[in-house]
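Chain by chain, the residues run as shown.
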Amino acid sequence: FESMQKMRAQAAADPIARAVAGPAARYFKACDSVNVGAPEPMEIMPYTGPIPTLFLVAGIDPGCPLQFNEPAARAMPNAQLVAFSGRTHGVARLSACARTMMRAFLDAPGAKIDRTCLAQEPPAL
C-alpha cells in the first residue's frame with residue numbers, strides 16, 4: 001500500500017521530505033529483495049475501532065506528517081491528536097511535554113489530555 005514513486009511524488013513540494021526521500025528509498029529496495037508476497041487484504045485496511053489512542057505528531061516530519069495523522073485520528077472515536085509544530089520526528093524522545101502527555105494517557109487512556117505544556121514548546125520554524 002506504499003510505493004517509492006508515491007513517496008517521491010508526495011515529497012516533491014517539501015524540501016525536507018525531498019531530502020529524506022532518497023535515503024528512504026532504500027527501505028523499498030530492501031523490502032523488494034525479500035519475497036514475502038502481497039499482504040492480506042485486512043492488513044492494509046485502516047483501523048477504526050474504539051481503542052483509546054494518543055497521536056503525538058511532529059510539525060516537521062516528512063515520514064509521518066500531520067496530514068497523514070489527521071485522517072487516522074478522525075477515524076478513531078477515542079483518539080486524541082496533539083501537534084508539536086516546532087518539533088521534528090522523535091517527539092516522545094525530545095519533548096518533556098510529550099512525555100508528560102504520554103504518562104497521563106497511560107494512567108487514564110480515556111481522559112482528555114492536558115495540553116497546557118505546549119505553551120512551553122519551541123516556536124514553529
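Residues numbered from 1 in each chain as written. Predicted model: local features only at pLDDT ≥ 70, side-chain atom pairs only at ≥ 80, totals over all residues. Heavy atoms only, no water.

S.K.: I'd like a description of the overall build of the protein, backed by residues and values.
M.R.: Looking only at helices and strands, the protein has five helices and two strands in total. Across the protein, helices and strands are ordered from the amino to the carboxyl terminus as α-α-β-α-β-α-α. Each of the three principal axes of the protein carries a C-alpha extent, and together these read 45 × 35 × 20 Å. Considering the protein as a whole, with its 125 residues, one finds that 26% of them fall into the buried category. Taking the contacts inside the protein whose residues are at least 6 apart along the sequence as the reference set, 63% of them involve residues at least 24 apart. (Helix = DSSP H or I, 4+ residues; strand = E, 2+ residues; numbered from the N terminus. Buried < 20%, exposed > 50% of the residue type's maximum accessible area, 1.4 Å probe, protein only. Contact = heavy atoms within 4.5 Å.)

S.K.: Lay out the nonpolar core with the relevant residues and their values.
M.R.: Among the nonpolar cores identified, the biggest contains ten residues, and these are Leu54, Ala58, Val82, Phe84, Val91, Cys97, Ala98, Met101, Phe105 and Ile113. Contributing elements (two or more residues each) for this core: β1 (53-60), β2 (79-88) and α5 (96-107). What Ala58 contacts, discounting residues up to four positions off in sequence, is Phe84, Arg87, Thr88, His89 and Val91. Formed by eight residues, the second largest nonpolar core is a distinct cluster that contains Met4, Met7, Ala21 and Phe28. (Core = buried A, V, L, I, M, F, W, Y, C linked by side-chain atoms within 4.5 Å.)

S.K.: Give me the pairing of β2: which residues, what numbers.
M.R.: The sheet contact formed by β1 and β2 spans seven bridges and is parallel. Residue Ala58 lies in a different strand from β2, and its bridge partner there is Phe84. Handedness of the crossover joining β1 and β2 through helix α3 (residues 66-74) is recorded here as right-handed. (Pairing = 2+ DSSP bridges. Right-handed = clockwise from strand over helix to strand, strands pointing away.)

S.K.: Can you explain the confidence of the model for the protein? Please cite residues and give values.
M.R.: Per-residue pLDDT for the protein has a mean of 88; in total, 98% of the residues score no lower than 70. Per-element confidence in the protein ranges from a low mean pLDDT of 83 for helix α2 (residues 15-32) to a high of 97 for α5. (pLDDT = per-residue confidence, 0-100.)

S.K.: Break down α2 for me, with residues and values.
M.R.: Compared with an ideal rise of 1.5 Å per residue, which puts 18 residues at 26 Å, α2 spans 26 Å between its outermost C-alpha atoms and is within 8% of the ideal. Of all the bends in α2, the largest measures some 40° and sits at Gly22, one to four residues before the proline Pro23. Of the positions making up α2, those classed as buried are Ala17, Ala21, Ala24, Ala25 and Phe28. Those residues of α2 hidden inside the fold are in contact with α1 (4-11). (Expected span 1.5 Å × (residues − 1). Bend = angle between axes of the 7 residues up to and from the residue.)

S.K.: Please provide a residue-by-residue account of the state of the cysteines, values included.
M.R.: In a disulfide, the sulfur atoms of two cysteines are covalently bonded to one another. A complete count under the given rule lists one disulfide for this structure. Covalently, Cys97 is tied to Cys117 through a disulfide, its sulfur atoms 2.0 Å apart. Handedness here is read from the sign of the S-S torsion; for Cys97 and Cys117, about 70°, the answer is right-handed. Within this pair, whereas Cys97 is found in helix α5, its partner Cys117 is found in the segment after α5, the two being separated by 20 residues in sequence. Note on Cys97: relative accessible area 5%, which makes it buried. (Disulfide = S-S within 2.5 Å.)

S.K.: Which residues make up the side chain of Arg87, and what values do they have?
M.R.: Looking at the secondary structure, you find Arg87 in strand β2. Residues contacting Arg87, with those up to four places away along its chain left out, are Ala58, Gly59, Ile60, Leu94, Ser95, Glu121 and Pro122.

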